[in-house]
Amino acid sequence: MTADRPLITAGGAGGYTAWTALRLAPALGTVLGPAGRRVGTVLGEEQRRTETEAVELAWLGGLCRPGGRFELRCTGGTGGPLRVALLARADAPTPAAAAAAVRAAVAGLPAHVVAEPTAVEPELTAIGPGGGPSGTVDLREIRKRIDIRTIARAGSTRRQAATARPFAPSGRSWELLWTELARQPVPTALSVALEPVRLLPEAGLLFHQFAELYGRLAGPVAGGPRWQGSRSADRAAEAGRDFFEDAIRRYLGPVFRIRITLAAAGPLPPGLEQLLADQVGGAALAPARAELAGAWRNFTTLGLEPLPWTHRPPVDAGDWGDVEQELSGLVDRYEAAAAFRLPYEFTGRTARLFEQPPSGAVPPPSV
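A quick note: this is a predicted structure, and the numbers were derived from the prediction, not measured. (Residues numbered from 1 in each chain as written. Predicted model: local features only at pLDDT ≥ 70, side-chain atom pairs only at ≥ 80, totals over all residues. Heavy atoms only, no water.)

Let's talk about the pattern of salt bridges
(1) Moving on: Per the stated rule, a full pass over the model turns up 26 salt bridges.
(2) Moving on: The residue E56 makes a salt bridge to R341 at a minimum N-O spacing of 2.7 Å. In this pair, E56 is assigned in helix α1 (residues 45–63) and R341 in the segment after α11 (333–339), connecting sequence segments 285 residues apart.
(3) Moving on: E56 gets classed as buried once you look at its relative accessible area, which sits at 1%.
(4) Moving on: In this structure R341 comes out as buried when scored by relative accessible area, which is 3%.
(5) Moving on: Taken together, the shared-partner salt bridges in this structure form one network comprising K144, D246, R249, R250, D332 and E335. (Salt bridge = Lys/Arg side-chain N within 4 Å of Asp/Glu carboxyl O. Helix = DSSP H or I, 4+ residues; strand = E, 2+ residues; numbered from the N terminus. Buried < 20%, exposed > 50% of the residue type's maximum accessible area, 1.4 Å probe, protein only.)

The following block contains the structure:
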(Lines give C-alpha, C1' and ligand atoms only; values in the text may rest on other atoms or scores of the structure.)
Protein backbone atom coordinates (compact mmCIF):
# COMPACT_ATOMS: atom_id res chain seq x y z
CA MET A 1 0.00 0.00 0.00
CA THR A 2 2.98 2.30 -0.54
CA ALA A 3 4.89 3.58 -3.55
CA ASP A 4 7.20 0.54 -3.31
CA ARG A 5 4.31 -1.91 -2.81
CA PRO A 6 1.19 -0.43 -4.44
CA LEU A 7 -2.28 -1.45 -3.39
CA ILE A 8 -3.79 -3.51 -6.25
CA THR A 9 -7.54 -3.89 -6.68
CA ALA A 10 -9.65 -5.58 -9.34
CA GLY A 11 -11.16 -3.17 -11.83
CA GLY A 12 -13.94 -3.32 -14.37
CA ALA A 13 -13.87 -5.45 -17.53
CA GLY A 14 -11.19 -7.71 -16.06
CA GLY A 15 -8.67 -4.91 -15.50
CA TYR A 16 -6.78 -3.83 -12.39
CA THR A 17 -6.26 -0.59 -10.50
CA ALA A 18 -3.10 0.23 -8.55
CA TRP A 19 -2.98 2.87 -5.81
CA THR A 20 -0.02 4.46 -4.08
CA ALA A 21 0.73 7.42 -1.83
CA LEU A 22 3.72 9.52 -0.77
CA ARG A 23 3.94 11.83 2.22
CA LEU A 24 5.58 15.11 1.11
CA ALA A 25 7.32 17.98 2.88
CA PRO A 26 9.69 20.79 1.88
CA ALA A 27 13.38 19.89 1.66
CA LEU A 28 14.57 22.21 4.41
CA GLY A 29 17.58 24.47 3.99
CA THR A 30 17.92 24.09 0.24
CA VAL A 31 16.83 25.95 -2.86
CA LEU A 32 16.84 25.22 -6.57
CA GLY A 33 19.39 26.16 -9.16
CA PRO A 34 19.48 25.71 -12.93
CA ALA A 35 17.69 22.58 -14.17
CA GLY A 36 16.51 21.80 -10.63
CA ARG A 37 19.96 21.45 -9.03
CA ARG A 38 19.92 21.61 -5.24
CA VAL A 39 22.13 24.40 -3.90
CA GLY A 40 22.63 25.87 -0.45
CA THR A 41 22.02 29.56 -1.11
CA VAL A 42 19.25 31.12 0.95
CA LEU A 43 16.65 32.93 -1.16
CA GLY A 44 13.80 35.25 -0.30
CA GLU A 45 10.30 33.78 -0.40
CA GLU A 46 9.34 35.49 -3.67
CA GLN A 47 12.35 34.16 -5.55
CA ARG A 48 11.94 30.72 -3.97
CA ARG A 49 8.30 30.66 -5.08
CA THR A 50 9.27 31.67 -8.62
CA GLU A 51 11.91 28.95 -8.88
CA THR A 52 9.71 26.21 -7.43
CA GLU A 53 6.86 27.20 -9.76
CA ALA A 54 9.15 26.83 -12.78
CA VAL A 55 10.40 23.39 -11.71
CA GLU A 56 6.88 22.17 -10.91
CA LEU A 57 5.67 23.36 -14.32
CA ALA A 58 8.31 21.22 -16.02
CA TRP A 59 7.43 18.25 -13.79
CA LEU A 60 3.72 18.53 -14.60
CA GLY A 61 4.52 18.68 -18.30
CA GLY A 62 6.25 15.32 -18.00
CA LEU A 63 3.23 13.83 -16.23
CA CYS A 64 0.79 14.87 -18.95
CA ARG A 65 0.53 11.35 -20.40
CA PRO A 66 -2.86 9.57 -20.49
CA GLY A 67 -3.26 6.45 -18.37
CA GLY A 68 -3.41 7.50 -14.72
CA ARG A 69 -4.63 9.99 -12.17
CA PHE A 70 -2.88 11.78 -9.34
CA GLU A 71 -3.88 14.07 -6.53
CA LEU A 72 -2.24 16.50 -4.13
CA ARG A 73 -3.98 16.49 -0.75
CA CYS A 74 -3.21 18.98 2.03
CA THR A 75 -4.94 18.18 5.33
CA GLY A 76 -5.12 20.61 8.23
CA GLY A 77 -7.22 21.08 11.34
CA THR A 78 -5.62 18.10 13.08
CA GLY A 79 -3.95 20.06 15.87
CA GLY A 80 -0.55 20.18 14.21
CA PRO A 81 1.21 21.13 10.97
CA LEU A 82 -0.27 20.46 7.54
CA ARG A 83 -0.04 16.89 6.27
CA VAL A 84 0.67 16.76 2.52
CA ALA A 85 0.25 13.63 0.42
CA LEU A 86 0.63 12.83 -3.25
CA LEU A 87 -1.77 10.05 -4.24
CA ALA A 88 -1.88 8.22 -7.55
CA ARG A 89 -3.94 5.52 -9.24
CA ALA A 90 -3.55 3.79 -12.58
CA ASP A 91 -5.61 1.26 -14.51
CA ALA A 92 -4.11 -1.53 -16.62
CA PRO A 93 -4.97 -5.03 -17.91
CA THR A 94 -2.60 -6.79 -15.47
CA PRO A 95 -1.52 -6.17 -11.86
CA ALA A 96 2.13 -5.74 -12.91
CA ALA A 97 1.27 -3.16 -15.55
CA ALA A 98 -0.96 -1.24 -13.12
CA ALA A 99 1.80 -1.22 -10.48
CA ALA A 100 4.40 0.00 -13.00
CA ALA A 101 2.08 2.77 -14.22
CA VAL A 102 1.28 4.06 -10.74
CA ARG A 103 4.97 4.10 -9.77
CA ALA A 104 5.73 6.15 -12.87
CA ALA A 105 3.04 8.66 -11.88
CA VAL A 106 4.93 9.65 -8.70
CA ALA A 107 8.48 9.30 -9.99
CA GLY A 108 10.90 12.16 -10.52
CA LEU A 109 9.47 14.65 -8.05
CA PRO A 110 11.07 18.12 -7.96
CA ALA A 111 14.09 18.52 -5.71
CA HIS A 112 12.48 21.00 -3.30
CA VAL A 113 10.41 18.24 -1.64
CA VAL A 114 11.27 15.12 0.32
CA ALA A 115 9.02 12.08 0.03
CA GLU A 116 8.22 8.98 2.06
CA PRO A 117 5.87 6.13 1.06
CA THR A 118 2.71 5.99 3.15
CA ALA A 119 -0.59 4.10 3.24
CA VAL A 120 -3.36 5.17 0.87
CA GLU A 121 -6.49 4.66 3.00
CA PRO A 122 -5.66 7.07 5.87
CA GLU A 123 -5.11 9.89 3.37
CA LEU A 124 -8.45 9.28 1.64
CA THR A 125 -10.48 8.95 4.84
CA ALA A 126 -8.98 11.68 7.06
CA ILE A 127 -12.10 13.87 6.82
CA GLY A 128 -14.86 11.33 7.42
CA PRO A 129 -16.11 7.78 6.87
CA GLY A 130 -15.62 6.24 3.45
CA GLY A 131 -19.24 5.15 3.07
CA GLY A 132 -20.64 8.60 2.28
CA PRO A 133 -20.81 12.18 3.52
CA SER A 134 -22.23 12.58 6.97
CA GLY A 135 -24.41 15.50 7.95
CA THR A 136 -21.34 17.29 9.32
CA VAL A 137 -19.17 17.04 6.18
CA ASP A 138 -19.04 20.24 4.11
CA LEU A 139 -17.77 20.31 0.51
CA ARG A 140 -16.93 23.01 -2.02
CA GLU A 141 -15.89 22.62 -5.63
CA ILE A 142 -13.47 25.21 -7.03
CA ARG A 143 -14.16 25.64 -10.74
CA LYS A 144 -13.25 28.09 -13.44
CA ARG A 145 -15.12 31.40 -13.37
CA ILE A 146 -17.78 31.56 -16.06
CA ASP A 147 -18.52 34.87 -17.79
CA ILE A 148 -22.01 35.17 -19.31
CA ARG A 149 -22.66 37.80 -21.98
CA THR A 150 -25.88 38.45 -23.90
CA ILE A 151 -25.65 38.29 -27.68
CA ALA A 152 -27.51 41.22 -29.19
CA ARG A 153 -27.44 40.08 -32.82
CA ALA A 154 -30.97 39.64 -34.15
CA GLY A 155 -31.77 36.15 -35.40
CA SER A 156 -28.86 34.57 -33.51
CA THR A 157 -29.12 30.86 -32.77
CA ARG A 158 -27.56 31.63 -29.39
CA ARG A 159 -28.74 34.18 -26.89
CA GLN A 160 -25.74 34.05 -24.55
CA ALA A 161 -22.03 33.32 -24.71
CA ALA A 162 -20.77 31.44 -21.64
CA THR A 163 -16.96 31.43 -21.49
CA ALA A 164 -14.67 29.95 -18.83
CA ARG A 165 -11.67 31.95 -17.61
CA PRO A 166 -8.43 29.93 -17.48
CA PHE A 167 -6.96 29.26 -14.05
CA ALA A 168 -4.03 31.56 -13.37
CA PRO A 169 -1.61 32.09 -10.48
CA SER A 170 -2.58 34.96 -8.20
CA GLY A 171 1.05 35.99 -7.79
CA ARG A 172 0.62 35.79 -4.01
CA SER A 173 2.44 33.52 -1.61
CA TRP A 174 0.67 30.28 -0.69
CA GLU A 175 1.70 30.75 2.94
CA LEU A 176 -1.53 32.50 3.97
CA LEU A 177 -3.79 29.83 2.43
CA TRP A 178 -1.78 26.95 3.86
CA THR A 179 -1.66 28.64 7.28
CA GLU A 180 -5.44 29.12 7.33
CA LEU A 181 -5.96 25.52 6.27
CA ALA A 182 -3.70 24.29 9.09
CA ARG A 183 -5.48 26.30 11.80
CA GLN A 184 -9.03 25.08 11.03
CA PRO A 185 -10.88 23.74 14.11
CA VAL A 186 -11.87 20.46 12.41
CA PRO A 187 -10.08 18.20 9.89
CA THR A 188 -10.09 20.08 6.57
CA ALA A 189 -8.51 19.01 3.28
CA LEU A 190 -7.66 20.66 0.00
CA SER A 191 -7.74 18.08 -2.79
CA VAL A 192 -6.41 18.88 -6.29
CA ALA A 193 -6.81 15.95 -8.70
CA LEU A 194 -5.48 15.75 -12.26
CA GLU A 195 -6.13 13.21 -14.99
CA PRO A 196 -3.92 13.44 -18.10
CA VAL A 197 -6.01 13.13 -21.28
CA ARG A 198 -5.78 13.76 -25.00
CA LEU A 199 -8.98 14.82 -26.73
CA LEU A 200 -10.23 12.97 -29.81
CA PRO A 201 -9.74 14.63 -33.21
CA GLU A 202 -13.49 15.28 -33.34
CA ALA A 203 -13.06 17.76 -30.47
CA GLY A 204 -10.88 19.97 -32.66
CA LEU A 205 -13.55 19.99 -35.36
CA LEU A 206 -16.17 21.04 -32.81
CA PHE A 207 -13.98 23.83 -31.43
CA HIS A 208 -13.43 25.17 -34.95
CA GLN A 209 -17.18 25.01 -35.67
CA PHE A 210 -18.01 26.96 -32.51
CA ALA A 211 -15.30 29.52 -33.24
CA GLU A 212 -16.72 30.00 -36.75
CA LEU A 213 -20.28 30.27 -35.44
CA TYR A 214 -19.36 32.97 -32.94
CA GLY A 215 -17.13 34.62 -35.54
CA ARG A 216 -20.08 35.02 -37.90
CA LEU A 217 -22.19 36.46 -35.10
CA ALA A 218 -19.38 38.82 -34.10
CA GLY A 219 -18.86 40.37 -37.51
CA PRO A 220 -20.28 43.80 -38.34
CA VAL A 221 -23.60 43.99 -40.18
CA ALA A 222 -23.99 46.08 -43.32
CA GLY A 223 -26.03 49.27 -43.02
CA GLY A 224 -29.73 49.51 -43.80
CA PRO A 225 -32.52 52.05 -43.95
CA ARG A 226 -32.75 52.33 -40.16
CA TRP A 227 -29.09 53.19 -39.56
CA GLN A 228 -26.18 54.73 -41.43
CA GLY A 229 -23.11 52.68 -42.28
CA SER A 230 -22.63 49.31 -40.60
CA ARG A 231 -23.50 48.08 -37.12
CA SER A 232 -20.54 47.39 -34.85
CA ALA A 233 -19.39 43.89 -33.96
CA ASP A 234 -21.22 42.00 -31.20
CA ARG A 235 -18.92 42.01 -28.15
CA ALA A 236 -20.50 38.92 -26.57
CA ALA A 237 -20.04 36.91 -29.76
CA GLU A 238 -16.47 38.16 -29.97
CA ALA A 239 -15.84 36.77 -26.50
CA GLY A 240 -17.27 33.39 -27.58
CA ARG A 241 -15.08 33.35 -30.68
CA ASP A 242 -11.95 34.24 -28.69
CA PHE A 243 -12.77 31.54 -26.11
CA PHE A 244 -12.94 28.75 -28.70
CA GLU A 245 -9.91 30.00 -30.59
CA ASP A 246 -8.01 29.91 -27.29
CA ALA A 247 -9.33 26.37 -26.68
CA ILE A 248 -7.89 25.29 -30.06
CA ARG A 249 -4.47 26.55 -28.98
CA ARG A 250 -4.61 25.21 -25.41
CA TYR A 251 -6.43 21.89 -25.38
CA LEU A 252 -5.79 19.93 -28.58
CA GLY A 253 -2.53 18.47 -27.24
CA PRO A 254 -1.76 16.77 -23.91
CA VAL A 255 -4.00 18.32 -21.22
CA PHE A 256 -5.51 17.48 -17.84
CA ARG A 257 -8.97 17.14 -16.45
CA ILE A 258 -8.98 18.86 -13.06
CA ARG A 259 -10.99 18.69 -9.84
CA ILE A 260 -10.37 21.00 -6.90
CA THR A 261 -12.31 20.11 -3.75
CA LEU A 262 -12.28 21.67 -0.30
CA ALA A 263 -13.77 19.36 2.35
CA ALA A 264 -14.19 19.68 6.12
CA ALA A 265 -15.63 17.59 8.95
CA GLY A 266 -17.80 20.58 9.85
CA PRO A 267 -18.99 23.85 8.29
CA LEU A 268 -16.45 25.50 6.00
CA PRO A 269 -15.83 29.19 6.74
CA PRO A 270 -16.62 31.33 3.66
CA GLY A 271 -13.30 33.08 4.00
CA LEU A 272 -11.33 29.87 3.41
CA GLU A 273 -13.16 28.84 0.24
CA GLN A 274 -12.86 32.36 -1.17
CA LEU A 275 -9.17 32.52 -0.29
CA LEU A 276 -8.62 29.29 -2.25
CA ALA A 277 -10.74 30.46 -5.19
CA ASP A 278 -8.81 33.73 -5.39
CA GLN A 279 -5.46 31.93 -5.13
CA VAL A 280 -6.08 29.93 -8.32
CA GLY A 281 -8.37 32.38 -10.14
CA GLY A 282 -11.54 30.30 -9.81
CA ALA A 283 -14.96 30.31 -8.16
CA ALA A 284 -16.27 28.30 -5.18
CA LEU A 285 -19.44 26.23 -5.71
CA ALA A 286 -21.47 24.15 -3.24
CA PRO A 287 -22.38 20.77 -4.78
CA ALA A 288 -26.01 20.44 -5.86
CA ARG A 289 -27.98 18.28 -3.43
CA ALA A 290 -28.50 15.58 -6.07
CA GLU A 291 -24.74 15.45 -6.73
CA LEU A 292 -23.44 15.60 -3.16
CA ALA A 293 -22.84 11.84 -3.04
CA GLY A 294 -20.97 12.02 -6.35
CA ALA A 295 -18.80 14.88 -5.09
CA TRP A 296 -17.94 12.88 -1.98
CA ARG A 297 -17.18 9.79 -4.09
CA ASN A 298 -14.80 11.83 -6.23
CA PHE A 299 -13.08 13.14 -3.10
CA THR A 300 -12.56 9.67 -1.59
CA THR A 301 -11.56 7.78 -4.76
CA LEU A 302 -9.44 10.22 -6.82
CA GLY A 303 -12.53 10.51 -9.01
CA LEU A 304 -13.15 13.16 -11.65
CA GLU A 305 -16.70 12.35 -12.62
CA PRO A 306 -18.51 15.48 -13.87
CA LEU A 307 -21.11 17.22 -11.72
CA PRO A 308 -23.21 18.86 -14.45
CA TRP A 309 -25.81 20.45 -12.17
CA THR A 310 -23.18 21.82 -9.79
CA HIS A 311 -20.96 23.20 -12.54
CA ARG A 312 -23.68 24.53 -14.85
CA PRO A 313 -23.89 28.34 -14.96
CA PRO A 314 -27.29 30.13 -15.09
CA VAL A 315 -27.66 30.20 -18.89
CA ASP A 316 -30.33 29.07 -21.34
CA ALA A 317 -30.41 25.36 -22.14
CA GLY A 318 -29.20 25.87 -25.71
CA ASP A 319 -26.21 27.98 -24.68
CA TRP A 320 -24.41 25.44 -22.48
CA GLY A 321 -23.82 21.90 -23.68
CA ASP A 322 -21.33 19.04 -23.46
CA VAL A 323 -18.62 21.03 -25.24
CA GLU A 324 -18.74 23.95 -22.80
CA GLN A 325 -19.00 21.54 -19.86
CA GLU A 326 -15.90 19.65 -21.01
CA LEU A 327 -13.88 22.81 -21.59
CA SER A 328 -14.73 24.21 -18.15
CA GLY A 329 -12.97 21.20 -16.57
CA LEU A 330 -9.85 21.09 -18.79
CA VAL A 331 -6.51 22.73 -18.02
CA ASP A 332 -3.17 22.93 -19.77
CA ARG A 333 0.00 22.51 -17.73
CA TYR A 334 0.21 26.23 -16.98
CA GLU A 335 -3.30 26.23 -15.50
CA ALA A 336 -2.58 22.98 -13.65
CA ALA A 337 0.53 24.52 -12.09
CA ALA A 338 -1.58 27.40 -10.75
CA ALA A 339 -3.43 24.97 -8.46
CA PHE A 340 -1.15 21.94 -8.02
CA ARG A 341 1.45 23.55 -5.73
CA LEU A 342 3.85 21.27 -3.90
CA PRO A 343 5.00 22.40 -0.44
CA TYR A 344 8.07 24.62 -0.35
CA GLU A 345 10.09 26.17 2.45
CA PHE A 346 9.39 29.70 3.65
CA THR A 347 12.54 31.62 4.53
CA GLY A 348 12.61 32.95 8.08
CA ARG A 349 9.42 31.21 9.25
CA THR A 350 9.78 30.18 12.90
CA ALA A 351 6.69 27.96 13.26
CA ARG A 352 6.68 24.70 11.33
CA LEU A 353 3.91 24.75 8.69
CA PHE A 354 4.29 21.27 7.18
CA GLU A 355 4.54 17.93 8.92
CA GLN A 356 8.01 16.54 8.29
CA PRO A 357 8.50 12.86 7.37
CA PRO A 358 10.96 10.80 9.46
CA SER A 359 14.63 11.62 9.06
CA GLY A 360 15.03 8.66 6.71
CA ALA A 361 13.01 10.37 4.00
CA VAL A 362 15.13 11.53 1.07
CA PRO A 363 14.66 14.00 -1.77
CA PRO A 364 13.32 12.20 -4.83
CA PRO A 365 15.25 12.39 -8.14
CA SER A 366 14.95 15.88 -9.61
CA VAL A 367 13.29 16.60 -12.94
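Still to come is the rest of the account.
Section: the environment of L262
(1) Moving on: Within the fold, L262 resides in strand β12 (residues 254–264).
(2) Moving on: Note: C-alpha distance between L262 and T188 (74 residues apart in sequence) is 7.4 Å.
(3) Moving on: Each residue touching L262, except ones within four places of it in the same chain, is listed here: D138, L139, R140, L181, T188, A189, L190, L268, L272, E273 and L276. (Contact = heavy atoms within 4.5 Å.)

Observations concerning the packing of helix α4 (residues 175–182) against helix α7 (residues 270–280)
(1) Moving on: Relative orientation of the contacting elements α4 and α7 amounts to 155°, with a least axis distance of 10 Å. Considered as vectors, α4 and α7 are oriented roughly antiparallel to each other. Crossing of α4 over α7 shows left-handed handedness. Contacts between α4 and α7 pair L176, L177, E180 and L181 from the former with L272, L275, L276 and Q279 from the latter.
(2) Moving on: Residue composition of the contact of α4 with α7, by class: six nonpolar, one polar and one charged. (Axes fitted to C-alpha atoms, helices over the stretch in contact; angles between N-to-C directions. Parallel < 35°, antiparallel > 145°, perpendicular 65-115°, else oblique. Left-handed = near helix turned anticlockwise from the far one by under 90°. Nonpolar A, V, L, I, M, F, W, Y, C, P; charged D, E, K, R; others polar.)

Description of the layout of surface pockets
(1) Moving on: Counted as a void, the largest pocket has a volume near 310 Å³.
(2) Moving on: In this structure, the largest pocket is lined by 18 residues; those nearest its centre are R257, L304, E305, P306 and E326.
(3) Moving on: Its residues assigned to classes, the lining of the largest pocket comprises five nonpolar, four polar and nine charged. (1 Å grid on protein atoms, 1.4 Å probe; cavity = no way out; pocket = protein on both sides within 12 Å on 5 of 7 lines; lining within 4 Å. Points joined across faces, edges and corners; volume = space filled by probe spheres on them.)

Considering empty space enclosed by the protein
(1) Moving on: One pass over the structure, following the stated rule, counts two cavities of 30 Å³ or more.
(2) Moving on: Roughly 30 Å³ of volume is contained in the second largest cavity.
(3) Moving on: Forming the walls of the second largest cavity are L72, C74, W174, W178, L190, V192, A339 and R341.
(4) Moving on: Elements that contribute at least two residues to the lining of the second largest cavity include exactly β5 (68–76) and β11 (188–198).
(5) Moving on: Each residue belonging to the lining of the second largest cavity can be placed in one class, and the counts come to seven nonpolar, no polar and one charged.

Some details on the packing of aromatic side chains
(1) Moving on: Under the defined criterion, the tally for this structure stands at 14 aromatic pairs.
(2) Moving on: The interplanar angle of 45° and the centroid separation of 6.1 Å between the aromatic rings of W59 and F340 together place this pair among those described as tilted. Of this pair, W59 sits in helix α1 while F340 sits in the segment after α11; the two residues are 281 residues apart in sequence, bridging distant segments of the chain.
(3) Moving on: Look at W59 and you get buried, because its relative accessible area is 3%.
(4) Moving on: Assessed through its relative accessible area of 1%, F340 is described here as buried.
(5) Moving on: Each ring, one from W174 and one from W178, has its centre 5.4 Å from the other, and the planes form 40°; the classification is tilted. In this structure, W174 and W178 share a single accessibility class: buried.
(6) Moving on: Every member of this aromatic cluster is reached through a ring pair, and the members are W174, W178, Y344, F346 and F354.
(7) Moving on: Directly above the ring of F299 sits R73, whose terminal nitrogen or CZ lies 4.0 Å from the centroid. (Phe/Tyr/Trp six-rings, centres within 6.5 Å; stacked < 30°, edge-to-face > 60°. Lys NZ or Arg CZ within 6 Å of the ring centre and 35° of its normal.)

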